[in-house]
Structures are given as structure tokens and as C-alpha cells.
Amino acid sequence: DDNGKCALLIPGATTSTCISYEAINRAFNAAKEITRLGGPQSKSKELSDIEIDVLGRTIVETSRILAKEFKLAPDAIHMGLPMIDTRHTVINQYCPVKYQRPQCKVQRYREPDGMCNNLENPHWGAVMAPFRRLLPPNFQDGVSAPRISVTGSELPTARLVSTLTHKDMGFHDHAVTIYLPAWGQLIDHDMAMGAESKDPRTNSEPKCCNVPPNQRHQACWPIDIPSADPFYKLFRRTCLDFVRSGAGVREQCKLGTRIAVNTVSAYLDASFVYGSDLETMNKLRVFKAGQLKSNAMNRHKGMKDLLPPQMENPDANCKRPSKDVHCFMAGDARVNQQMMLVALHTILMREHNRIALELSKINSHWDDERIFQETRHIIAAIVQQITYNEFLPMVLGKEVMERYSLLGERQGMLNKYNSKLEATLPTAFFAAAFRFGHSLIPNALERWSTTHKFIGSRRLSDIINKPFDVYTGNTCDEYLTGFMNQISQAVDDSVSQELTNHLFRDETSGFGSDLASLNIQRGRDHGVPSYNAYREFCGLRRARSWNDLAGAFTNETLHMYMQAYKTPDDLDLWSAGVSERPLPGSMVGPVFGCIMGETFKNLRLGDRFWFENAGQPSSFTQEQVNEIRKVKLSRVICDNSDHIETVQVYVMVLPDSEINPRVACKSGILPRINLSKWKE
Ligand code: HEM
Ligand SMILES: [Ca+2]
């Protein structure tokens, strides 16, 4: 019987603290009452999102009770409690097999959920793995309550920071096209999706603002709108809906601070094309010749297929004009958000089917499964190649690329796989740094003809969750051409009003939500420490006074921050991160550069299936790697659009007759991946 034994011994200055298994059992049983966790269920049962949230919150409550009883410091909660072996406690009876260590098989193809990529730590980077921490979390109570000001008062409401600092100024970048944010969002959806808290009654996100406080869902944490708000006061709004992310569960249901889990595989494995679980993947497959499902309605016009219709839950993330019109289905549920996503999802689905068809001709003895999986393996490689060779160099610049070993190899294999590097995303990356893209979004998306003439544009808030234009005429091509002609906004404090006042606006109200406020609140929700803490993490000087930040921001921005916050120690990471002066040759400043550099380093060197790794069952041959290295996004667009004939070599940058010429798709300047190297 372990009951009286110390589960954890925390050394102190005079005496040590012993937390016994008995104390943990007692705390868990008390926590269960608070969260109304039911009795233990079969351990092999798949938990629903709601059940995971309840279990996660019960573990957080258990930690809170122990922290109070044993007067634990934040460090002991964050570092100490997760060391307790919960298998010797009652928690074990509640912990589903899914959170136990699986037996991994070494295979050629990735698991859909990213499991067993790292053989020593199979959960790393996988679905349901908790986001990792670059810094200990900052929770007011050390366990789960959002942080407050270091002065002890409240932080400014997120909406105040948004209206003061993130006004719509509309400054353009000097060279970057819409393909850069489009690709950024696409790979964001490859890497990250937080778990929503759900209302058990509706199985969707609860509403908070129009519900009396005592009847609100426990995860409601709406944002106060100041009465002088320049926009919402026109509508007499005082409250913005916000729901805290669902609580996650650690491997073996270990104790500790509140965590959140990723619901997609963090690896760059094209999970947005295929889904992050087997069920979704199977729904997307034809099970013939390695093909993905598609919509052939335009074939009679000699045009390529569209994404298949979303028939199950047809109204999820989709505002349909009538019951016979459908949104699109892809590996990621956010595909219908707007045309940047729909267009890129469409050409990657087509690229899959194009490659699969060719492979089936080259290797006529391969069955459906082999063709499908090998094509999926190649598509993931193409996503990695474009990300590290076209996207990251523009975003981060050469110096940051070098510092984090992100530069592509020209020859040979990579051979730097390091099983000690965890590819799981840091909280600061998904809740703040990689949302830098929200600053790049223009007010409207433009359509251009395939001969590069402007046709028209649609206001962003008019097309959100309404991708239906893509069904008609040449719209898909026109957006694909528009994105290479339309210039992006700069990464700066300015954010489009389409996002800060009109996000998800419905037909009748005239106002929507505010993405800048959501980003700020989301950071606090997840215990992300302040910008100043990350300055120190990133090797910069911690600001002691506002003066110390004179070099970091423009005078105007700094001035606004001084109005909003009491001290530089309170600055929210997303807000200050987008507002930083960029590093030379980079779109982002030193703190976002460092958080992204750190993350993308582990996504490359910590991915056992990385396309340039040698010596693994998943490895491509050197000849095949050389073919993948030839791929550019411009080639993928050429091959998978209907009528586009000319593109600039690097589509994420405006054309320039000398350094980025516009060339014919047919010309040899844009080589195609030669699949004969896959002949067996
Ligand atoms: C029209 C364009 C876009 C819209 C409407 C949009 C909207 C949103 C919304 C509503 C969220 C969830 C906010 C929350 O409740 O926390 C979100 C999250 C996020 N966005 Fe965007 N976004 C856009 C473009 C981008 C771009 C260009 C990037 C990156 C380059 C990006 C990166 C992210 C990331 C990393 C998250 C967190 C995802 C997660 O893990 O859940 N977004 N976005
Ligand atoms: Ca992924």
C-alpha cells in the first residue's frame, strides 16, 4: 500500500514538504465533486472533447487543492507536481489508455496524428499533446487563473489595448504578396488548432455576453469593452464573447498547471490536406488509385476538380445561402474561412491527385494504399520545402535563419535528426508569435485575370465562411492570380478593421468580433508571460522602464502602451510582438523572430520523417530528395490551376524583372518534380 508514502518530496530551507499519495487521492476526490467528473469509465473508451475538458479541469483542481494545502510556490506547481507518478493514485482509474505510452512500430509513413514520430517520447508533436512552455506559465494563482498586472491591479482590458495600439493604418509591405500570409495561415493550420470549450447542451462554443453572469458556462471569460470604444459604442456593446480553451490532459494524467492541447499534429506533415486522425483521412479518400475525393462538376468545361462538399454538419463554419449549396471539405475544419485558405487547399488536393495519378502509371503494380501513402509523403515534403525555402526566409531573414539552423541544404541529405528536440509547439508560438500573420491581412481580397489584370475585390468580412464564389466561372484561378499581384500589409501594430471590428460579422448587426482582442485574451487564457519576460528569454535586455523600450517600438506605439499599461512588465506578447521594429532583412522583430526560430528549428531537426533525413524507413533516396528540392509554390500553382500561364518565380514576392521575373509556366525555369525517380 503506497498511501502513506511521499509521492513528492519538496526540499525547503528548514523542512521538506512531503506530499503523500493519500493527500493526492483526497484532493482528487474533492476536485471531482467540484467539476462533477463521473465515476471511472472503461479505460479504452475514446473521450469526447467535453469529457477531456472535465478530466483536465479535475486534474487542475486537484493541483490547486494540493498547492493550497502544501503552500506550493508556482515553480513547485509547474515543475514539481508533474513529477508525481499518478499510476499509484486513484487518478489512474480515470486515465484513458490514450494517455498511456503506446507501443510504437517503426514504419515508412507517418501516423495521421503524429504519434510515434519520436520513438522515445511518442506523444511529442502528436494530437492531444499539451503545448510546451518556453517559460514557466504566468497564472495569477499559479495554477490556472489568468495573470494580472505585476502591480496587483487588473490588466487593461484586451479591447482597450486593441483600440489604442492596433488601429487600421493600412501600411503596405514593400515586396510581399498575399501568398505569404496565405501560406502562413495554411501551415498554421498544419501545425496548430487549440481545443474549444464546448457546451454539453449544444456541443458547440457557449455564448457568454448575453447570458447573466451566474448562468454562464464555466469557461466564459468575456472581454469588457470600454464605454468610450470608438466603434462598439455605436452599437452600445459592452462585452465581447470569449471562451477559454478547453483544459487538456498530460500523459498519464499527471498533475500541474492548466494546460491546453493541440488537436492537430504539430509536424509539417500536410495534415491540413489529410486530417489528423484516421477517420478523417478515410473520409477524404476514394480508395482507388490513391486519389482524394473531389468535385468533378466543372470537368465538362475542361476545368479541374474542386474540393468535395461538406455534407456532414453542412453548417459548421459555413454560412450557406440555401440548403442546396455546400461548403468544402478538407483535412482541416477551418478550410472555408476565406478564399486564401480555400484556394490553397484546392491546389494541394489537386497536386495530390496529380502526383498519385502519375505514380500509378509509373508503378502500375502499386495498390491504392501504397500510391496514397507515398503521395501523402511527397506532399508533406513539398510543404516542408516551400515553408523553409520560400516562406521562412522572407519572414525571418537570413540571420535568424542561420542562427536557428533553418537554411536549406543544397546537396546531400540533412542528417541532423535529433530525438532530443521536441517538435510540440510552444504555447507562446501558437497563442502569440505565429499570429503575426493577422497584421498582414488586407481589407479585401482581389481577383485578377490570368493575364494579370485587376478584376475586382471582395471585402474580407463579406466572404468569411462563404467560399461559394469558387463554384463559378474562373474564380479560383482569379484568386490564385490575385494573390500574386496583391501586396500584403506589413507586420506592424496596424490590423485591418475587417478583423478588429467586423470579424465574423453577421448580416444584421453591423459589427463583428475583434481578432486583436481575441489574440491578447487568448495569451492570458494560456498563461503566456509578458513580452518583457520573452525579451529576457530571447537574450535581450529586460526593460526596467518605458525608456528602455524606445528602440523596440516607434514613438507612437510606445506612447500608446504607456497609456494602456501601468508598467512594461505587463505588455501582452502578441501585441508587443507584432509592434516591434523588424530586424534588418526580416519582417518581424527580435522576440517573434526568436520564438519562431526556436519552433521551426525543432519542427525540422526534431521530425524523424523530415524529407531530407537519411537512414530511416521513411527516407527518400538522394535522387528523390533532389527532385523535391526543385519544387516551388509557383510550380504547384502552374500545375494545378486551370488557365494560369505566367507566374513570378517566387510568388510570395512581387514580380521584379531582374530578381523575380514573371515567367511562363511552360518554360524550363520552373522545373517540375520528376516522378520517374520513384519507379520501382
Ligand atoms: C483572413 C485571415 C485570417 C482570419 C480571419 C483569422 C482568424 C483567426 C481566428 C478567429 C483565430 C482564433 C482566435 C482565438 O479565438 O484565439 C485564429 C487563430 C490563429 N491564427 Fe488566424 N486568421 C487569419 C489569418 C492568419 C494568418 C495569415 C496567420 C499566420 C501567418 C494566422 C495564424 C493563426 C494562428 C497560429 C492561430 C492559432 C491557431 C490555433 O492554434 O487555434 N492566421 N485566426
Ligand atoms: Ca501537421
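Each remark here, short or long, concerns the structure printed above.
Predicted model, so just to flag it, every value in this text is computed and none were measured.

**Overview of the overall build of the chain**
Looking only at helices and strands, one finds 21 helices and 10 strands in the chain. A compact globule built from 680 residues would reach a C-alpha radius of gyration of about 26 Å, and the chain, at 25 Å, matches this within 12%. Overall size of the chain, expressed as C-alpha extent along the three principal axes, is 75 × 60 × 50 Å. Each of the 680 residues in the chain was classed as buried or not, and the buried ones make up 60%. A sequence separation of at least 24 residues applies to 73% of the contacts in the chain between residues at least 6 apart. Each charge class in the chain was averaged separately, 80 positive and 77 negative side chains, and the resulting centres sit 1 Å apart.

**A look at the coordination of the calcium ion (ligand 2)**
Within the protein, Asp190 (O), Asp190 (OD), Ser265 (O), Ser265 (OG), Tyr267 (O), Asp269 (OD) and Ser271 (OG) serve as the donor atoms for the calcium ion (ligand 2), at 2.2 to 2.7 Å. Going along the chain, you hit the donors of the calcium ion (ligand 2) in the pattern D-x74-S-x1-Y-x1-D-x1-S. Residue Ser265 shares its accessibility class with Ser271, and that shared class is buried.

**Some details on the packing of aromatic side chains**
Within the structure shown, the criterion is met by 25 aromatic pairs. Measuring from ring centre to ring centre gives 6.0 Å for Trp221 and Phe242, while their planes differ by 80°; the resulting arrangement is edge-to-face. Linking Trp221 in the loop between α6 (179-191) and β4 (223-224) with Phe242 in the loop between β5 (239-240) and α7 (271-274), this pair joins segments that are 21 residues apart in sequence. Using a relative accessible area of 25% as the deciding quantity, one classes Trp221 as partly exposed. Relative to Phe372, the ring of Tyr274 lies with its centre 5.7 Å away and its plane at 90°, an arrangement referred to as edge-to-face. Of this pair, Tyr274 sits in helix α7 while Phe372 sits in helix α10 (residues 368-403), placing them 98 residues apart in sequence. For Tyr274, a relative accessible area of 1% gives the class buried.

**Structural notes on the coordination of the iron atom of ligand 1**
In this structure the iron atom of ligand 1 is ligated by exactly one protein donor, His438 (NE2), at 2.1 Å. Summarising the element assignment, His438 is placed in the loop between α11 (427-431) and β6 (444-448).

**Some words on the nonpolar core**
The biggest cluster of nonpolar side chains holds 159 residues, and the ones touching the most others in it are Tyr179, Trp183, Phe391, Phe436, Leu573, Met596 and Phe600. A per-element tally of this core places α10 first, with 16 residues. Beyond its immediate chain neighbours, meaning those up to four positions away, Phe600 contacts Ile187, Met191, Leu268, Thr387, Tyr388, Leu392, Leu406, Phe429 and Phe434. Core analysis: the next-biggest nonpolar cluster, separate from the first, contains 35 residues, Leu8, Ile24, Ala27 and Val127 among them.

**Observations regarding the pattern of salt bridges**
The tally for this structure, following the rule as stated, stands at 43 salt bridges. Where Glu402 meets Lys398, a salt bridge forms, and the shortest distance between an N and an O atom there is 3.7 Å. Here the residue Glu402 and the residue Lys398 both occupy positions in helix α10, the gap between them amounting to four residues, near one helical turn. What makes Glu402 partly exposed here is its relative accessible area of 46%. In this structure, Arg524 and Asp572 form a salt bridge, with 2.8 Å as the shortest nitrogen-oxygen distance. Note that Arg524 is positioned in helix α15 (residues 515-525) and Asp572 in the loop between α17 (555-564) and α18 (573-579), a separation of 48 residues in sequence. The two residues Arg524 and Asp572 agree in class, both being buried. Salt bridges linked by common partners bring Glu351, Arg354, Glu358, Arg635, Asp639 and Arg672 together as one network.

**Here's the deal with the environment of Asp49**
Checked against the element boundaries, Asp49 lands in helix α2 (residues 49-69). Given a relative accessible area of 40%, Asp49 falls into the partly exposed group. Between the C-alpha atoms of Asp49 and Glu196, which are 147 residues apart in sequence, the distance is 8.3 Å.

**Quick look at the state of the cysteines**
The final tally for this structure, using the stated rule, is eight disulfides. Note on cysteine connectivity: Cys95 is disulfide-linked to Cys253, with sulfurs 2.1 Å apart. Here Cys95 and Cys253 share a disulfide; its torsion about the S-S bond, 90°, makes the bridge right-handed. Of this pair, Cys95 sits in the loop between α4 (91-94) and α5 (158-165) while Cys253 sits in the loop between β5 and α7, placing them 158 residues apart in sequence. The residues Cys95 and Cys253 share a single accessibility class, namely buried. Cys638 supplies the cysteine sulfur nearest to Cys476, a cysteine that is in no disulfide, at a spacing of 14 Å. With relative accessibility at 4%, the residue Cys476 sits in the buried group.

**A short note on the environment of Ala126**
Examined against the element boundaries, Ala126 turns out to sit in the loop between α4 and α5. For Ala126, a relative accessible area of 1% corresponds to the buried category. Considered as a pair, Ala126 and Leu255 are 129 residues apart in the sequence and their alpha carbons are 20 Å apart. Once residues within four sequence positions are removed from consideration, Ala126 is found in contact with Asp113, Gly114, Met115, Asn262 and Val264.

**A word on the site of ligand 1**
Looking at ligand 1, there are 24 residues lining it, with Asp188, Phe430, Arg435, His438 and Arg522 nearest. Gln185 has a polar side-chain atom sitting 3.4 Å from a nitrogen atom of ligand 1. Take Arg435: an N or O atom from its side chain is 2.8 Å from an oxygen atom of ligand 1. Breaking the shell around ligand 1 down by element, the ones donating at least two residues are α6 and α15. For the shell around ligand 1, the element with the highest residue contribution is α6, accounting for four residues. Of the residues belonging to the shell around ligand 1, the class tally is 13 nonpolar, seven polar and four charged.

**Regarding α17**
Within α17 the residues assigned to the buried category are Thr557, Leu558, Tyr561 and Ala564. All buried residues of α17 lie within an arc of 125° about the axis, which places them on one face of the element. Along α17, the residues that are exposed and aim more than 90 degrees away from the buried face are Asn555 and Glu556. The elements touched by buried residues of α17 are α5 and α18.

**A short note on helix α13 (residues 475-485)**
α13 sits mainly inside the fold: 11 of its 11 residues count as buried. Inspection of α13 places Thr475, Cys476, Asp477, Glu478, Tyr479, Leu480, Thr481, Gly482, Phe483, Met484 and Asn485 among the buried residues, and these make up the whole buried set.

**Considering the side chain of Ser494**
Here Ser494 is to be found in the loop between β8 (487-489) and α14 (497-500). A distance of 3.0 Å separates a polar side-chain atom of Ser494 from the backbone nitrogen of Met169. Setting aside residues no more than four positions away along its own chain, Ser494 makes contact with Lys167, Asp168, Met169, Gly170 and Ser439.

Rules used in this analysis
- Residues numbered from 1 in each chain as written.
- Chains lettered and ligands numbered in written order.
- Predicted model: local features only at pLDDT ≥ 70, side-chain atom pairs only at ≥ 80, totals over all residues.
- Heavy atoms only, no water.
- Helix = DSSP H or I, 4+ residues; strand = E, 2+ residues; numbered from the N terminus.
- Rg over C-alpha atoms; globule rule 2.2 N^0.38 Å.
- Buried < 20%, exposed > 50% of the residue type's maximum accessible area, 1.4 Å probe, protein only.
- Contact = heavy atoms within 4.5 Å.
- Lys, Arg positive; Asp, Glu negative; His and termini not counted.
- Charge placed at Lys NZ, Arg CZ, Asp CG, Glu CD.
- Donors = N, O, S within 2.8 Å, 3.2 Å for Na, K, Ca; no water.
- Phe/Tyr/Trp six-rings, centres within 6.5 Å; stacked < 30°, edge-to-face > 60°.
- Core = buried A, V, L, I, M, F, W, Y, C linked by side-chain atoms within 4.5 Å.
- Salt bridge = Lys/Arg side-chain N within 4 Å of Asp/Glu carboxyl O.
- Disulfide = S-S within 2.5 Å.
- Near = heavy atom within 4 Å.
- Polar contact = N/O pair within 3.5 Å; in protein donor to acceptor, adjacent residues only side chain to side chain.
- Nonpolar A, V, L, I, M, F, W, Y, C, P; charged D, E, K, R; others polar.
- Arc of directions from axis to C-beta.

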